[in-house]
Amino acid sequence: MNVDLSIYNSIKNSGIDLILSLPCIMLKGLLTVIEERKEIQHISLTREEEGVGIAAGAYLGGKTPVILIQNSGLGNSINAIKSLLYLYRIPVVFIMSHRGAEGEKILAQIPMGQLTPDLLDLLNIQKFIVNSIDNIKKITLAIRTSIESKSSVGIVLQKKLWSD
Amino acid sequence: MKRFDAIKEIVKALRNELVVCNLGAPSRELYHIDDREKTFYMLGSMGLASSIAFGLAISKPDEKVLCIDGDGALLMNLGSLATIANNKPENLTLVVIDNSSYGSTGNQRTYTSNKTKLEIIAKGAGFESITFIDSEDKIEKILNSLGKGCHFVLIKTQPGNVKVENIPLNPEKLKERFMKSFSIKT
């Protein structure tokens with residue numbers, strides 16, 4: 001099965017019922033699957049921090065949302081992650097493509113790309129690195145962890161996943 | 001009219017709505033005027049009131065959601081207007097109390113004191129129902145007249161806060177109280 005479809009199925013089968021997204025070239029295929037299937041409510045964002053607010057509201061309303069973004073957007077969300085999600089203990093699943101990691105050709109992506117894993121640690125968000133097809137099962141584990149422990153988790157999708 | 005007066009009028013129009021209120025002085029004043037379980041008071045994340053209210057509205061389509069936002073906060077998250085207007089939940093009223101100032105930090109002026117008109121930005125973002133109110137005695141009546149739909153209401157006021165106590169509720173308890181008020185298990 002293709003990678004994007006496997007990721008999608010892991011998200012769907014884990015009980016996610018709202019996807020809040022901003023595009024990334026690495027997420028192009030996954031976003032296409034999400035749009036074609038129309039099984040999970042999908043809302044496009046204008047900025048990642050906005051997604052943290054919408055996800056919080058959706059959680060209050062009984063939904064299980066994911067925020068699907070590029071890792072650069074994690075930086076745009078820091079204050080909201082702490083002063084909204086953490087403060088009220090509202091769990092949200094972040095799924096982010098990891099630009100600026102090994103093999104990155106665009107210089108501008110590198111500083112934030114290098115910071116991303118440490119930033120998740122600093123934010124106290126448990127991270128799940130997914131870099132092979134075999135690893136896709138970690139997505140299910142991460143979402144289950146978030147639901148059961150009522151804490152936010154960060155799923156980091158690395159480029160190797162698509163060339164595996 | 002100051003923010004406090006506007007909130008008093010908004011409260012008169014409330015029935016069973018879920019309310020999301022902007023942080024700082026607006027939340028404190030609202031808490032002081034009329035604390036209700038169905039109100040979610042923001043304590044941080046300035047700018048995200050409309051986003052939280054939108055997330056709530058799309059998750060609870062059978063509930064009416066009312067957001068009390070401010071000009072300074074909305075200026076931080078203008079993209080939210082595009083997201084809300086394009087997805088157009090039929091159960092959301094976004095009330096912006098525009099006092100042209102950052103009220104919780106010493107009443108420094110915002111750009112709405114000069115050239116910026118948030119109701120025109122809302123129109124450009126795609127809102128179809130936009131109401132401008134600058135007199136206190138119209139607030140309750142106008143809010144009561146808004147039916148199903150996605151509404152943008154701007155209330156123009158003078159700057160100034162009323163000194164009231166901080167909200168004594170713990171954030172987690174506040175969340176649980178809010179969710180239980182419309183039967184969401186926490």
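So, here is what we can say about the structure in this document. Only a predicted model underlies this, so the values are computations on that prediction, with no experimental measurement involved. (Residues numbered from 1 in each chain as written. Chains lettered and ligands numbered in written order. Predicted model: local features only at pLDDT ≥ 70, side-chain atom pairs only at ≥ 80, totals over all residues.)

1. Comments concerning the sheet that holds strand β6 (residues 153-157) of chain A
Residue and element names in this part refer to chain A.
- On the basis of which strands lie adjacent, the open sheet formed by 6 strands has the order β2-β1-β3-β4-β6-β5 and parallel pairing. A strand with exactly one partner marks an edge of an open sheet, and here the two such strands are β2 (41-44) and β5 (126-130). Shown here is a sheet whose adjacent strand axes are inclined to one another by a mean of 20°, direction ignored.
- Here strand β3 (residues 65-70) pairs with strand β4 (residues 93-97) via 5 bridges, running parallel. Across the sheet, residue Ile 67 finds its bridge partner in β4, namely Phe 94.
- Docked against the sheet, helix α3 (residues 48-60) engages β1 (18-21), β2 and β3, running at close to 170° with respect to β3. (Pairing = 2+ DSSP bridges. Helix = DSSP H or I, 4+ residues; strand = E, 2+ residues; numbered from the N terminus. Axes fitted to C-alpha atoms, helices over the stretch in contact; angles between N-to-C directions. Contact = placed C-beta atoms within 7 Å.)

2. Quick notes on the pairing of strand β3 (residues 65-70) of chain B
All names here are of chain B.
- Most of β3 sits inside the fold, with 6 of its 6 residues counted as buried.
- Side chains Val 65, Cys 67 and Asp 69 of β3 all project onto a buried face; the interleaved residues Leu 66, Ile 68 and Gly 70 project onto the opposite face, where all are buried too.
- Bridge count for strand β1 (residues 18-21) against β3 is 4 bridges, and the pairing is parallel. When the bridges of β3 are listed, Val 20 appears paired with Cys 67.
- One ladder, built from 6 bridges, connects β3 with strand β4 (residues 91-98); its direction is parallel. By the bridge assignment, Val 65 is partnered in β4 with Leu 92. (Buried ≥ 20, exposed ≤ 12 C-beta atoms within 10 Å, placed from the backbone.)

So far we have only geometry, and geometry alone does not tell us how the molecule works.
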